[in-house]
Amino acid sequence: MITERQKNILRLIIQGYTNTGTPVGSKKLMEEGIKSSSATIRNDMKALEEHGLLLKTHSSSGRIPSMYGYRYYVDHLLRPAEVERDELETIRRSFGKEFHEINDIIEQSAEILSDLTSYTAFSLGPEVKERKLTGFRIVPLNDRQIIAVIVTDKGNVESQVFAIPSSVSSQDLEKMTQIINDKLVGQPLLTVYHRLRTEIPMILHRYFQTPEGMMNLFDAMLGHAFEEKVFVSGRMNVLDFGMKQDIDQLKSVYSFMQNTDALTHLLTTDEKTDTQIAIRIGSEIGNDLLDNMSMITATYEVSGHGKGTIALLGPTSMPYSKMFGLVDVFRHELATKLGAYYRFLDE
């Protein structure tokens, strides 16, 4: 147990350190409103150090927070800061421009959040299982390459170039397109995914001499529609999180941020809790590469269209009060923009 004065001291030390990056001493705490003598404050700081909440640096008499200190602060002392008017105007102005599809809005949201914070931002759109397949076509590029275009009813358009096996003819591609449009267009993506593994292989055996090759092509083209789209902005901002001297770690983190499956898992870990905004510190993130960082993850819901996620990755010394308040406002603004866009599509 720590006293109320010690809680206030811990809160002021963390707020001071996350704002300035310098250790906080007893004199500064007195200036910030702790009405006790310098000796009493130093005793309280020593007690907080013994509780594992503060660390003493060698370069000064001040203290800095420990990982446990940050955790205690987030759980018990954090007061979300009010978002500044110019930041709110920047968010609304950025979302006010014209967008042509849902993924444009999701991608832009990561860029806005990264620009506002100078951290790495992630954005994951409303859940893929809510979508239906509404269109499919193949556009030949040359004898061995095609572009597959997949459209869903939620305004998502996916296109990708594929190499065609030499055993597949143009007639085969026409037949494939016909099967997809006859059997799968208009179906929810989860139904499409299920039928790809049950009914479709039997149909392919009926029409093609090499059904295994066609099945692989089917999987490759339609499987792209099931991928969760995680947009990342500000990857290079991790250079400012204390890794400038560790090139190998930096390369590993950068590679990790290009792994869609790993990022989706990272961002959806907090869905098991009822918390709409979660803060994970150091090892709590669940990835050794990110042990010296903190992540704020927030969910938002668009009525009738599922839930999405935004997240911020920054140093453990991030100003949690400011970032918590910003992320909370941001998720509501994003949900409002997406809701308006979905209503436009429905009309």
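Please read all numbers here as calculations on a predicted model, not as lab measurements.

Participant: Would you mind showing me how to read the overall build of the protein chain here?
Facilitator: When helices and strands are counted, the protein chain shows 13 helices and 10 strands. Here the C-alpha atoms of the protein chain give a radius of gyration of 26 Å, more than 25% beyond the 20 Å that 2.2 N^0.38 yields for 347 residues. Across its three principal directions, the C-alpha atoms of the protein chain cover 85 × 45 × 35 Å. Within the protein chain, the fraction of its 347 residues that count as buried is 49%. Counted over contacts in the protein chain with a minimum sequence separation of 6, partners at least 24 positions apart contribute 61%. Here the protein chain has roughly 17700 Å² of accessible surface; of this, 47% comes from carbon and sulfur atoms. Of the side-chain charges in the protein chain, 38 are positive and 46 negative, and the distance between the mean point of each set is 5 Å.

Participant: I'm lost on the sheet that holds strand β6 (residues 157–163) in this one. Help?
Facilitator: Taken together, the 3 strands give an open sheet; going across it, the order is β4-β5-β6, and neighbouring strands pair in antiparallel fashion. Strand pairing shows two members of the sheet lacking a second neighbour, β4 (133–140) and β6, which therefore form its edges. On average, each strand axis in the sheet is inclined to that of its neighbour by 20°, with strand direction left out of account. Its contacts with the sheet place helix α7 (residues 170–183) against β4 and β5 (145–152), and it is angled at close to 175° to β4.

Participant: Mind showing me how you'd approach empty space enclosed by the protein here?
Facilitator: With a probe scaled to a water molecule rolled over the atoms, the places where space remains empty come into view. Applying the stated criterion across every chain, the model contains 2 cavities of 30 Å³ or more. A volume near 60 Å³ is recorded for the largest cavity. Around the largest cavity, the lining is made up of 11 residues, and of these Asn-103, Gly-125, Pro-126, Arg-131 and Asn-156 lie nearest the centre. With 3 residues, helix α6 (residues 102–117) is the single largest residue contributor to the lining of the largest cavity. Among the residues making up the lining of the largest cavity, the classes are represented as 5 nonpolar, 3 polar and 3 charged.

Participant: Looking at this structure, I do not really get the environment of Ser-166. What am I missing?
Facilitator: Tracing the chain through its elements places Ser-166 in the loop between β6 and α7. A sequence separation of 23 residues divides Ser-166 from Asp-143, and the C-alpha atoms of the two residues are 9.1 Å apart.

Participant: Any chance you could explain the pattern of salt bridges here in plain terms?
Facilitator: In the structure shown here, the tally under the stated rule is 10 salt bridges. A salt bridge links Glu-4 to Lys-7; its shortest N-O distance comes to 3.4 Å. Of this pair, Glu-4 and Lys-7 both sit in helix α1 (residues 4–20), 3 residues apart, which is roughly one turn of that helix. Since its relative accessible area comes to 55%, Glu-4 is described here as exposed.

Participant: What exactly am I supposed to notice about the sheet that holds strand β3 (residues 120–124) here?
Facilitator: Strand pairs in the sheet, formed through backbone hydrogen bonds, run parallel or antiparallel to each other. Across the sheet, which stays open at both edges, the 5 strands sit in the order β7-β3-β10-β9-β8 with antiparallel pairing between neighbours. Looking at strand neighbours, the two that pair on one side only are β7 (230–233) and β8 (277–281), the edges of this open sheet. The mean angle between the axes of side-by-side strands here comes to 15°, regardless of whether they run parallel or antiparallel. Here β3 pairs with strand β10 (residues 306–315) via 5 bridges, running antiparallel. Considered in β10, the bridge of Leu-124 is made with Thr-309.

Scoring rules and cut-offs
- Residues numbered from 1 in each chain as written.
- Predicted model: local features only at pLDDT ≥ 70, side-chain atom pairs only at ≥ 80, totals over all residues.
- Heavy atoms only, no water.
- Helix = DSSP H or I, 4+ residues; strand = E, 2+ residues; numbered from the N terminus.
- Rg over C-alpha atoms; globule rule 2.2 N^0.38 Å.
- Buried < 20%, exposed > 50% of the residue type's maximum accessible area, 1.4 Å probe, protein only.
- Contact = heavy atoms within 4.5 Å.
- Areas by Shrake-Rupley, 256 points an atom, 1.4 Å probe, with all protein chains shown as cover.
- Lys, Arg positive; Asp, Glu negative; His and termini not counted.
- Charge placed at Lys NZ, Arg CZ, Asp CG, Glu CD.
- Pairing = 2+ DSSP bridges.
- Axes fitted to C-alpha atoms, helices over the stretch in contact; angles between N-to-C directions.
- 1 Å grid on protein atoms, 1.4 Å probe; cavity = no way out; pocket = protein on both sides within 12 Å on 5 of 7 lines; lining within 4 Å.
- Points joined across faces, edges and corners; volume = space filled by probe spheres on them.
- Nonpolar A, V, L, I, M, F, W, Y, C, P; charged D, E, K, R; others polar.
- Salt bridge = Lys/Arg side-chain N within 4 Å of Asp/Glu carboxyl O.

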